[in-house]
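Here is what each chain is made of, one letter per residue.
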Amino acid sequence: MIKHNIITKILIISLMMSNIVNAIEIYNKNGNKTNIYGNINILRKYSKDEYNEGDKSYTKLGVKNEHFISKDITGYSTWLYNFHTNLTENQYRLFNGETCLAYAGLNFKKWGSIDYGRNYGILYDALSYTDKSPVENTLTIKDNDNYLTGRSTSLLTYRNKDLFGYLKGVNFAIQYAGKNLYDRIEEEKNCNGWGGSLEYKSDIGLSTIGSWFRINRTDIQKEDNNGNKATAYVLGLKYDKNNIYVGAMYGNTRNLHRLYNTSHSKQTKNIELIAQYKFNNIYPSISFLQRKTNNYNAIEFSNNNLIIDKYINLGAIYDINKNISAYADYRINLIKDDNTFDSLYKDSTYNIFAIGMSYKF
């Protein structure tokens, strides 16, 4: 049960924030712009799993810049930082947060844009189709600093919209990943590699996309004899029109999913589905996610088809105004809690309920 004082605090915060004036643009002169953006997220989780229990609040603050160079060239940069607001002051001095995004580039209008830095990996182009739940739950493939599935460092990205202006709705991107070997745990290291994505957006709200990558593994990662490369591809489909959003994706990965030790699963097959509908200012949603590993080579397990994640997620978002939203999220786990393989993977088999409020600017 949700404690009465938690609900009271959320209501007080909503009343306080309702009078905040939205002010994003802080500079705009001669084609040069600077905007600040971010969100304050008040989040509480309830679960028998200790990791997913308690205050999970955070604040993100970012800066976006545009710089006029010529009528055909514009410079741009983005920086986003995550502050952990659920820690004590002593903890915060040691674990003050992390840089989520930090990249800069040039936009050549119909010829596309190119940038370098810490950015989203190319596979997220397709994964974003189903990343719509109210709470940022870990999806079946998305994982930051795990090759090109989520946010990562040393990424050189080229993007082009409408195929150089000749074919509306056709977008593509190519991404090169540089080596990240030093001052990291082994699971977050990678050698160089590259990937791409191709998307088509129609005028009727229907879109389809395919994303993939291929990256060299480190010498230590290759000791599991699973091969020299980490690869993945994702196919996505979505409909977004008339207050309806439906997204689906199928993904296949090799040497990508992190195990409970330093090795990786040879292969995973991933399915994600989500549906949302807007009733005035309320967005209810339901989603289903499943990740299955194949050809796992550990001695402890003889079964080659083991389900790592399988759950239904029920959620709802209520927009109080254009800046403030309240939300609730309930993850119903479909895996038995006596699954030995699951416990070794450290993926929770318990249900998780979350409630919170977000102020975005």
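To start, this report covers the structure provided alongside it.

### Describing the pattern of salt bridges
- In the structure shown here, the tally under the stated rule is eight salt bridges.
- With its nearest N and O atoms 2.9 Å apart, the salt bridge here joins Asp125 to Arg159. Highlighted residues: Asp125 in helix 3 (residues 124-127) and Arg159 in strand 8 (residues 151-160), separated in sequence by 34 residues.
- Accessibility expressed as a relative area gives 31% for Arg159, which makes it partly exposed.
- When the shortest N-O distance is used, the salt bridge between Asp203 and Lys168 registers 3.9 Å. Here the residue Asp203 occupies a position in the loop between strand 10 (193-201) and strand 11 (206-216), and Lys168 occupies one in the loop between helix 4 (162-165) and strand 9 (170-177), the gap between them amounting to 35 residues. Here Asp203 matches Lys168 in class, with each residue exposed.
- Residues joined by salt bridges that share partners form a network here, namely Arg118, Asp145 and Arg184.

### Quick look at unusual backbone geometry
- A positive phi angle, close to 60 degrees, is found at Asp145, a residue other than glycine.
- Along the chain, Asp145 falls in the loop between helix 3 and strand 8.
- In this structure Asp145 comes out as buried when scored by relative accessible area, which is 16%.
- In this structure, Asn243 takes a positive phi of about 65 degrees despite not being glycine.
- Mapped onto the elements, Asn243 comes out in the loop between strand 12 (229-241) and strand 13 (244-254).

### Remarks on the environment of Ile274
- Its location among the elements puts Ile274 in strand 14 (residues 267-277).
- The exposure class of Ile274 is buried, given its relative accessible area of 3%.
- Counting along the chain gives 15 residues from Ile274 to Leu289, while the straight-line C-alpha distance between them is 8.7 Å.

Here is what the cut-offs are and how they apply
One numbering rule holds for all chains: residues counted from 1, following each sequence as written. Predicted model: local features are reported for residues with pLDDT of at least 70 only, side-chain atom pairs are reported and counted for 80 or more only, and whole-chain, interface and lining totals are derived from all residues. With hydrogens and water set aside, each side-chain value is computed from the structure's full complement of heavy atoms. The working definition used for a salt bridge is a side-chain nitrogen of Lys or Arg within 4 Å of a carboxyl oxygen of Asp or Glu. Runs of H or I in DSSP of at least four residues are treated as helices and runs of E of at least two as strands, each being numbered from the N terminus. The buried label applies to any residue whose accessible area, calculated with a 1.4 Å probe on protein chains only, is under 20% of its type's maximum; exposed applies above 50%, and partly exposed to all values in between.

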